[in-house]
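# Inside the fold
The lines below spell out each chain.
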Amino acid sequence: MITFRPVDVDSDAEIEMLHRWVTHPKAQFWLMQDFDVEQVRQEYRRIAEHPHHEAFLGLIDGNPAFLAERYDPGRVELVGLYEHEDGDVGMHFLCAPTDTPVHGFTRAVLTAVLAWIFADPDALRVVVEPDVRNTAVQALNAAVGFRVVGPIAKPEKQALLSVCTWHDFQAATTAAVIPRIGAFE
């Protein structure tokens, strides 16, 4: 079972775990490689206190497995950089690093994160802005229904803006059997 809960910024163990995740070499596009534990805590505290940005720990059978963020791209991250539409939800995700990767795991996590976001009937389109060099996540995004809008210049990176509607997601995945309401805790 996959569940989502807010990141606990007051838990030293949780912040230390997230620090290991976001500073791992495979998390280079997370842009936190040089952060110390306290900087990671402060970043997630800032997110927790923001009215339009949220960070969640993704649990699989109760075990931490990934990080997911959702945000209002008309108020955070992409303000003035794209044509915002009502119902847009920005998203970031990061799988926990492992020495024993499981084939298809990252795609399964991305599918679960999108299904979780689309469980909210007000979420009409998911917007992402991966680094243009992150071709692996771009391929994953395409596999679950994202369509490329085009490159955008963000202060910290050149990004490839992409969008996915519920219908795009449903057409691209077998997750269509997940109901839009109440599928996740």
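The structure this text deals with has already been given above.
Residue positions are given per chain, counting from 1 as you read along its sequence in written order. Two thresholds apply to this predicted model, a pLDDT of at least 70 for residue-level local features and 80 or more for giving and counting side-chain atom pairs, whereas whole-chain, interface and lining totals are computed over all residues. Based on all heavy atoms of the structure, the side-chain values leave hydrogens and waters out of the count.

### Examining unusual backbone geometry
In the Ramachandran plot, D61 falls in the positive-phi region, its phi being about 50 degrees despite a non-glycine side chain. Under the scheme used here, helices are H or I runs from DSSP no shorter than 4 residues and strands are E runs no shorter than 2 residues, and both carry numbers assigned from the N terminus. Along the chain, D61 turns up in the loop between β2 (53-60) and β3 (63-71). For E77, which is not glycine, the phi torsion reads 70 degrees and is therefore positive. One can find E77 in the loop between β3 and β4 (88-95). In this scheme, a residue with accessible area under 20% of its type's maximum is buried, one over 50% is exposed, and one in between is partly exposed, where area comes from a 1.4 Å probe on protein chains only. Residue E77 is classed as partly exposed on the basis of its relative accessible area of 28%.

### Side note on helix α4 (residues 135-143)
Taken together, the buried positions of α4 are occupied by V137, Q138, L140 and N141. The buried side chains of α4 occupy one side of the element, clustering within an arc of 160 degrees when seen end-on. In α4, the exposed residues that point more than 90 degrees away from the buried face are T135 and A136. The contact definition used throughout considers only heavy atoms, calling two residues in contact when any of these lie within 4.5 Å. Where the residues of α4 are buried, they touch β4, α3 (105-118), β5 (125-128) and β7 (157-165). Positioned one or two residues after α4, G145 has a phi angle of 110 degrees, which is positive. Summarising the geometry, the arc corresponds to the directions from the helix axis toward the C-beta atoms.

### Overview of the packing of aromatic side chains
The criterion for an aromatic pair is that two Phe, Tyr or Trp rings (for Trp, the six-membered ring) have centres within 6.5 Å, with stacked assigned to planes under 30 degrees apart, edge-to-face to planes over 60 apart and tilted to the rest. Applying the stated rule across the entire model yields 6 aromatic pairs. For the pair F118 and W166, a centre-to-centre distance of 5.7 Å together with 70 degrees between the ring planes defines the contact as edge-to-face. Placement of the pair is F118 in helix α3 and W166 in helix α5 (residues 166-172), with a sequence separation of 48 residues. Just as F118 is buried, W166 falls in that class too.

### Concerning the sheet that holds β2
In spatial order, the strands read β1-β2-β3-β4-β5-β7-β6; together these 7 strands make up an open sheet with mixed pairing. The strands lining the two open edges of the sheet, one partner per strand, are β1 (2-6) and β6 (147-154). On average, each strand axis in the sheet is inclined to that of its neighbour by 30 degrees, with strand direction left out of account. Here β2 pairs with β3 via 8 bridges, running antiparallel. Note that in β3 the partner of L57 across the bridge is L67. Comment: axis = line fitted to C-alpha atoms, over the contacting stretch for helices; angle = value between 0 and 180 degrees taken between N-to-C directions. Its contacts with the sheet place helix α2 (residues 37-49) against β2 and β3, and it is angled at close to 110 degrees to β2. Any two strands with at least two DSSP-identified bridges between them are counted as paired.

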